Amino acid sequence: MSSENSPVRSAILTYAGLVLTPLFWAGNAVVARGTVDSIPPLSMAFWRWMIALAILLPFALPGICRHRAVIRQHLGSMLVLAALSVGAFNSLLYLAAVTTTATNIALINATIPIFVSLLAWMLLGDRTRPVQVLGIGMAIFGILAVVARGDLSVLTSLEAQPGDLIMVAAVLSWGLFSVLLRRQAVPLPGFTFLSTQILLGTLVILPFYLGDLLFFSGGFEVTRGTALPIAFFAIFPGILAYGFWNYAVHRIGPSRAAIFIYLTPVFASVLAGIFLEESLGLFHMVGGAFILAGLLLATRAGRQAT
């Protein structure tokens, strides 16, 4: 009975996690946008992962010690993966939030699946079926409807600000991470891998944070208004989202997992309506319908292909 239900439970965990991950990432963008004036971006990134590491390390240390030979053997690969994901992606996103708008960030962030599919084709030889292309196209249309908020001029007036270029670097970093995570699979339990990744990524951020602290921003004042956002960053878009994402990529591959990133702008619009008092409109429903249809087409085609 348990063996029969195990694949079902695994599939439920995979796809539930792939829905929660963009929800947490949307929260990450909304909260970061609201606190970037009081918390410097590199401070935001460093303390997010330091708190996550402090939470995980007491539970993870036995596994890290037990698998230290494997970690040593794959240290180079793990360091690259940690630098691209924990080190680069969110640090660049927080930096982008200083000089670009939420609309620009959401639009550029929505191109992650394109980067992932292209890199998976280049590095892994993955094939994309016509139905998957149609699903991706429908999802892109839904995202544009949500991001543009029913106003085409929002898209046509998009300007290449410094933050836009930083976000391009961020999505490229995440695309490489997603593909290399599959290509350079490390034989570690998921929890041990995640904890080691956060440890290495935090070490990557450390010199940049110290340089910013000493020569530029000077840090931030610890108050309830700054501590709570960083705690949120650490637990939800940090520990939980990365755990869900790593598990899903190992289960279904980077291209199919990346499709769910299309949900991030939808969730971001809803959260912005709740916390930033932005009104919700018909375009949210229309865009969400196209995104859902695209997800169903692309993931169904991906399952048939495998």
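Just above sits the structure.
Presented here is a report on the structure given in the accompanying data block. (Residues numbered from 1 in each chain as written. Predicted model: local features only at pLDDT ≥ 70, side-chain atom pairs only at ≥ 80, totals over all residues. Heavy atoms only, no water.)

1. Details of the overall build of the chain
Link 1 in the chain: In terms of regular secondary structure, the chain is built from 14 helices and zero strands.
Link 2 in the chain: What you see in the chain, going N to C, is helices and strands ordered as α-α-α-α-α-α-α-α-α-α-α-α-α-α.
Link 3 in the chain: With 306 residues in all, the chain has 48% of them scored as buried.
Link 4 in the chain: The contacts in the chain between residues at least 6 apart in sequence include a share of 91% that link residues at least 24 apart.
Link 5 in the chain: Surface accessibility of the chain: about 14400 Å² in total, with carbon and sulfur atoms responsible for 70%. (Helix = DSSP H or I, 4+ residues; strand = E, 2+ residues; numbered from the N terminus. Buried < 20%, exposed > 50% of the residue type's maximum accessible area, 1.4 Å probe, protein only. Contact = heavy atoms within 4.5 Å. Areas by Shrake-Rupley, 256 points an atom, 1.4 Å probe, with all protein chains shown as cover.)

2. Focus on the environment of Leu57
Link 1 in the chain: Turning to its location among the elements, Leu57 is positioned in helix 2 (residues 41-66).
Link 2 in the chain: Looking at Leu57, the relative accessible area reads 28%, which means it is partly exposed.
Link 3 in the chain: Residues Leu57 and Ile198, spaced 141 residues apart in sequence, show a C-alpha to C-alpha distance of 9.7 Å.

3. Points about the packing of aromatic side chains
Link 1 in the chain: What the rule picks out here adds up to 16 aromatic pairs.
Link 2 in the chain: Relative to Trp174, the ring of Phe89 lies with its centre 5.1 Å away and its plane at 50°, an arrangement referred to as tilted. With Phe89 in helix 4 (residues 75-99) and Trp174 in helix 9 (residues 162-183), this pair connects stretches of sequence that are 85 residues apart.
Link 3 in the chain: Taken together, Trp25, Trp49, Phe89, Trp174, Phe177, Tyr242 and Trp245 form an aromatic cluster joined through their ring pairs. (Phe/Tyr/Trp six-rings, centres within 6.5 Å; stacked < 30°, edge-to-face > 60°.)

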